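# Structural features, examined
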Amino acid sequence: MCAQPTPRPRERDGSSPLHRDASPARPPWRQPLALALAAAAVAVPALALLGPVAAVLVGTRTAAACLASIEAPRGPALPDCRPEIRWFALPSRLPWTYRAASALAEELGVRAAVADYTDAAVGRPDGAALAGASEAVATAQATVAAGTGRVTFDELGPACGAPNLGREAARLGDRRTLLSQPDRWTDWHVRVHTLRAALTEGDLQRALAIAKGYAAMEPRDEDLRTTTGAILCLGASAEAKRGIELLTLNQDDRASRRYAGMARNWGEVRAVLVACAARAGVEPPPMPEAPEAGVADAVEVRLAQRARLAAARKGAAEATQRATRAIRDLLGASAALDPEARGDLLAVVLAEDEALDAAEAAALARPDDDGDEPATGEAGLDGAPARAAPRAPAGLPAGSLRALDWLPERGLARPAIAGSLRARAAARAAELAAAPQLSPSQADALRAAAGALALRAARELALEGDAPRAVDTLDRLGPLAPELAPEAARALARSSAWALAGARDRALDLVERIDLASAPPALRAAVLLQRAELLASRGRRRDAARAAVLADEEAAAARAAVSTGEATPARAEIALLDARSRWTRLSLALRPGDSPLRQGSPPAQLPADHAAAWPWVGFASLDAPWARDGQPALSRALSTWSAARDAPPPARRALRYAALRRRGDAPPALVPYAALSAQLLGDGEGDPEVWLDAFLALDASRFSLRRYTFARAEAARWRGDEGSAAAWQRRYDALRAVASDPARAEIARYLGI
C-alpha cells in the first residue's frame, strides 16, 4: 500500500500558520471613508432637494420682516426689500420649488412697488416721487397679469389685492395720476374717482372731456352712468343731449328693475334730467307711467325746480301758476312736512305767486295741527312716501351762524333755491305780515317766516359770493329772526357772510368788536370759535390759540348747561359745537406752552402698538355715541392726536401709516381736522398737501366739494402756506360759480358740488 503524500501548505496564501500573522494590515481610514462616502451619497441629493425649500422659508421670513419694517417707526429712508429676492432666485429655477418661489418673488416685487408709491404719499410725501413711483405700480400690474394672475397676495404680509394703478391712485388721492390717463382705467369706481378729481381741481372743461370719453364707451354701471351724464349736462347743448340719453336709461332702469329684492328711487335723477333738458333746449323725456321698482322721490326738489323753470320762460304765467299751486297743495295737505323743506317751498310760493294773500301765506307758514296729516307710509305726490314726524324749527341755531357751518352739505336732498329768490320771499313775508286783516298769531307766523327766510337768504347769498347783499338782507329782515335777537348773533352772521366771500379782515373786525358780556355760553363759544379761525387764517397763531381756549371753555359750559336742563339750543347742536371747539383748540395749540386738551381729558399717550393708536369715534353719523354725554371715544381720539403730534419723527411716520388704515372718521370740523393732520409732518419731512390728499381721500366723499376745497384752503392758511391756499381758493371759486348758476344748481348738487 502506497503511502499517501503529505500536503504542504502553499506559501504566502495565508493558510499557513507561519504566514497568517505576517499578512499586511488594513488601513484604519478605509472604513470611515466608506461611511463618509455613503453619507455624502445620501446627503447631497437631500441637500439638493431640501436646500431650495429652506431658502424659500428663510426668504419668506426675511422678506416679510423687511416689509413689516416699512410701517414701523423708522428713519426717512424707505427700507429696500427687493434684495431679498435673492432667496427665491435659485428655487424659482428648480421644478420642485418653482411655483412657490416664483409666486413669492412676484409678491415681493408687487409689495415693494406699492410700498414705494405709498411712501411717496405717506412716509415722505413728495409729488414728484409720487409720479415716479406710479410707473412701478403699473409695471407690477403688468407683471402679475402676465404671471400668476392672482387676485390677492397674503404670503408676505396682510392680505392685499393685486396691484392696480387706478385703484391705488384713488386710494391715495393722487389726482394727477388719475387725470393723466383717464381712458386707461377699466374699473367703474376708478372712473368715478377720476371725474370727481377733475371737479375737485375746479377744471370743468377737463371733466367734460373725460365724461365725453366715458360716454362713448357706453358705461353700464349706473353710478358711473349718472355721474357721466350729469357732468355732460354742465356743458353745451350737444353734451347735454348726450347726458339726457344716459340719465334716461338710469331713470327707466330704476323704475322698472329690482336687484336682489332692492330698488333705487329715481326722483333725484329725474330732477337732473329735467335741468339738463332745459339747458339743452329740449323737452325732457316722459316720466315712467307705471313704475314697478323705485319711486319718484325728491318731491320738494322737483316742485321747486318746476316753478323756477316756469318762471324763467317768457309768457309762461299760467305754467308758473300751476307750479306754485302744486306747491301750495303740498304745503296745505302735509302738516308733517320737514320744516326746512317747508321753508324752502314757502320761499318759492312767496316769491313767485303774486296772487297769494296774507291769510293764505300765514296758513302755509304755520299749518294748523288738526291731525289730518297722512299717516306713516301713506303715499305722497307721485307715489313718494310721505314724510314722518316734523323736526326742529327751520331757523338756524346760534351755533350754526359760523361761516364753516354755512358751507353746503353734499347731495340733492333739499331744493336748490337762489339767495335772491329767498331774499324776495323774506321781504314779501314781512310785507304780508303787516296786513290788517291778520290775527296776531297769523302775523307772528309770517314775521317768523320772514326772519327764517332772511337768514337762509343771507346764507345762500354768502355762498354765492354776494356778501354785501347778504349783509343787507340781515340788516333789513334779520331782527325778525329769533336766532338773531342778541346783537352778538347778528354780528356773527354778518362776519360769516364776509368770511365766505373772502373778506376775512372785515369778518375778523366784526367778531373782535362783539360784546359778549350778555350772550349765552353757546353764542359766546360760537363767536370765539369764529374769532380763533379767522385769526389763524390771518397768520395770528398766538392770538388764535388763546381764542380757541376761551371758545372751548365756553362750549364746555354750554354742554354742562344742557346736561343740567337749562334753556339752551338743541342738545345735538351743542354737542357739535363742543366737538368743533375741542378740535380747534387742539389744532391751534402752540407747543410747548399751550394746553391742547380740555381739563379732565385722558392723558396724551400712545400705545406700544402704533397700529392700534387711533380709536374709532363714528363721526360719519351725528347720532353716534360721540355726541352723547359720558362717551369717552372723542376724548380718547383727541388725546391720541395730541400725543401723535408731539411724537418723534420715526413714531409720527408709523402713525401716519396707521392713520391711513383708519380713514373715514373725519369729524364735521373739517378745517381744524385737516390742519391738525398736517401737523403729523414736521419741517422737512414732506409735502403736507400730498399727505392730506392721501389721508382725506376716503373722507372727501362725505363732504360737498365746496366744503372740502374751502377746508383745504383754510387749513393751508392756518399753517402759513399761501401758495396752496391760493390754489385751493381758485378751485373753490370755480365750483362756486357752477353751483351758483340757477340753471345748473340741481346738477351741481347732485354731483356733490
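Residues numbered from 1 in each chain as written. Predicted model: local features only at pLDDT ≥ 70, side-chain atom pairs only at ≥ 80, totals over all residues. Heavy atoms only, no water.

## Observations regarding the overall build of the protein chain
Along its length, the protein chain carries 32 helices and 2 strands. Residues counted as buried form 53% of the 753 residues belonging to the protein chain. A separation of at least 24 residues holds for 69% of the contacts in the protein chain among residues at least 6 apart in sequence. Carbon and sulfur atoms provide 55% of the accessible area of the protein chain, an area that totals close to 33,700 Å². (Helix = DSSP H or I, 4+ residues; strand = E, 2+ residues; numbered from the N terminus. Buried < 20%, exposed > 50% of the residue type's maximum accessible area, 1.4 Å probe, protein only. Contact = heavy atoms within 4.5 Å. Areas by Shrake-Rupley, 256 points an atom, 1.4 Å probe, with all protein chains shown as cover.)

## Remarks on the packing of helix 13 (residues 299–312) against helix 15 (residues 339–352)
Packing of helix 13 against helix 15 leaves a shortest axis separation of 10 Å and a crossing angle of 15 degrees. Put simply, helix 13 runs roughly parallel to helix 15. Judged by the sense of rotation from one axis to the other, the crossing of helix 13 with helix 15 is left-handed. Between helix 13 and helix 15, the contacting residues are Glu300, Ala304, Ala307 and Ala311 on the first element and Ala341, Leu345, Val348 and Glu352 on the second. Tallied by class, the residues present in the contact of helix 13 with helix 15 amount to 6 nonpolar, no polar and 2 charged. (Axes fitted to C-alpha atoms, helices over the stretch in contact; angles between N-to-C directions. Parallel < 35°, antiparallel > 145°, perpendicular 65-115°, else oblique. Left-handed = near helix turned anticlockwise from the far one by under 90°. Nonpolar A, V, L, I, M, F, W, Y, C, P; charged D, E, K, R; others polar.)

## Some details on the state of the cysteines
Per the counting criterion, the structure on display carries 2 disulfides. With a sulfur-sulfur separation of 2.0 Å, Cys66 is cross-linked through a disulfide to Cys81. For the disulfide bridge between Cys66 and Cys81, the dihedral angle about the S-S bond is near -95 degrees, and by the sign convention the bridge is left-handed. Pair noted here: Cys66 is in helix 2 (residues 30–70) and Cys81 is in the loop between helix 2 and helix 3 (86–89), with a separation of 15 residues, a long-range link. Classification of Cys66 by relative accessible area gives buried; the value is 15%. Covalent S-S linkage joins Cys233 and Cys276, the inter-sulfur distance amounting to 2.1 Å. Judged by the torsion about the S-S bond (-90 degrees), the Cys233/Cys276 disulfide is left-handed. One end of the pair, Cys233, is in the loop between helix 10 (222–232) and helix 11 (237–256); the other, Cys276, is in helix 12 (residues 267–280), and 43 residues separate them in sequence. (Disulfide = S-S within 2.5 Å.)

## Observations concerning the confidence of the model for the protein chain
In this model, the protein chain carries an average pLDDT of 87, and 89% of its residues clear a pLDDT of 70 or more. Between residues 369–396, whose pLDDT stays under 50, and residues either more than four places distant or in other chains, the model counts 47 contacts. (pLDDT = per-residue confidence, 0-100.)

## Some words on the side chain of Arg744
By secondary structure assignment, the location of Arg744 is in the loop between helix 31 (722–739) and helix 32 (745–750). Setting aside its immediate chain neighbours within four residues, Arg744 contacts Leu204, Leu234, Arg279, Ala737 and Val738.

## A closer look at the nonpolar core
Residues Trp583, Trp614, Trp641 and Ile753 are the most contacted members of the largest nonpolar core, which totals 175 residues. When residues in this core are grouped by element, the largest group, 11 residues, is from helix 23 (residues 521–537). In this structure Trp641 touches Trp583, Leu586, Trp614, Tyr673, Leu676, Ser677, Leu680 and Phe695, once residues within four positions along its chain are discounted. Ala323, Ala351, Ile417 and Ala450 belong to the second-largest nonpolar core, a separate cluster that totals 39 residues. (Core = buried A, V, L, I, M, F, W, Y, C linked by side-chain atoms within 4.5 Å.)

## Some points on helix 25 (residues 571–588)
Structural remark: α-helix, 3.6 residues per turn; residues separated by three or four positions point the same way. Taking 1.5 Å as the rise per residue, helix 25 with 18 residues should run 26 Å; its terminal C-alpha atoms sit 26 Å apart, in good agreement. Most of helix 25 is tucked away, with 16 of its 18 residues classed as buried. (Expected span 1.5 Å × (residues − 1).)

## As for a nonpolar patch on the surface
On the surface, Leu50, Val53, Leu57 and Trp96 cluster together into a nonpolar patch covering about 400 Å² of accessible area. With respect to the helices, strands and loops of the structure, Leu50 is situated in helix 2. (Patch = residues over 30% accessible without salt bridge, like charges linked within 9 Å, V, L, I, M, F, W, Y side chains within 5 Å. Salt bridge = Lys/Arg side-chain N within 4 Å of Asp/Glu carboxyl O.)

## Describing the environment of Leu179
With respect to the secondary-structure elements, Leu179 resides in helix 7 (residues 175–180). The spatial distance from the C-alpha of Leu179 to the C-alpha of Thr194 is 6.2 Å, given a sequence separation of 15 residues.

## Comments concerning the pattern of salt bridges
On inspection of all chains with the given rule, the structure shows 63 salt bridges. For Asp578, the salt bridge identified is with Arg559, shortest N-O distance 3.1 Å. Taken as a pair, Asp578 in helix 25 and Arg559 in helix 24 (residues 541–563) lie far apart in primary sequence, 19 residues in all. Here Asp578 matches Arg559 in class, with each residue buried. A single network of salt bridges, built from pairs that share partners, joins Arg175, Glu201, Glu689, Asp693, Arg712, Arg719, Asp721 and Arg731.

## As for unusual backbone geometry
A positive phi angle, near 55 degrees, is found at Glu218, a position not held by glycine. Looking at where Glu218 falls in the secondary structure, it is placed in the loop between helix 9 (204–216) and helix 10. Accessibility expressed as a relative area gives 48% for Glu218, which makes it partly exposed. Unusually for a residue other than glycine, Ala298 sits at a positive phi of about 55 degrees. Within the secondary structure, Ala298 is located in the loop between helix 12 and helix 13.

## Overview of the side chain of Arg196
Tracing the sequence through the fold places Arg196 in helix 8 (residues 188–200). There is no salt bridge for the buried Arg196, and the closest opposite charge comes from Asp699, which lies 11 Å off by N-O distance. (Lys, Arg positive; Asp, Glu negative; His and termini not counted.)

## What about the packing of aromatic side chains?
In total, this model carries 10 aromatic pairs according to the counting rule given. Taking 6.0 Å as the distance between ring centres and 65 degrees as the angle between the ring planes, the aromatic pair formed by Trp583 and Phe619 counts as edge-to-face. On the criterion of sequence distance, the pair formed by Trp583 in helix 25 and Phe619 in the loop between helix 25 and helix 26 (633–645) is long-range, its members being 36 residues apart. Three or more aromatic residues link up through ring pairs in this structure, and these residues are Trp583, Trp614, Phe619, Trp641, Tyr673, Trp691 and Phe695. Residue placement shows Arg506 over the ring face of Trp498; its charged tip is 4.0 Å from the ring centre. Stacked on the ring of Trp728, the Lys or Arg Arg731 has its end atom at 4.3 Å from the ring centre. (Phe/Tyr/Trp six-rings, centres within 6.5 Å; stacked < 30°, edge-to-face > 60°. Lys NZ or Arg CZ within 6 Å of the ring centre and 35° of its normal.)

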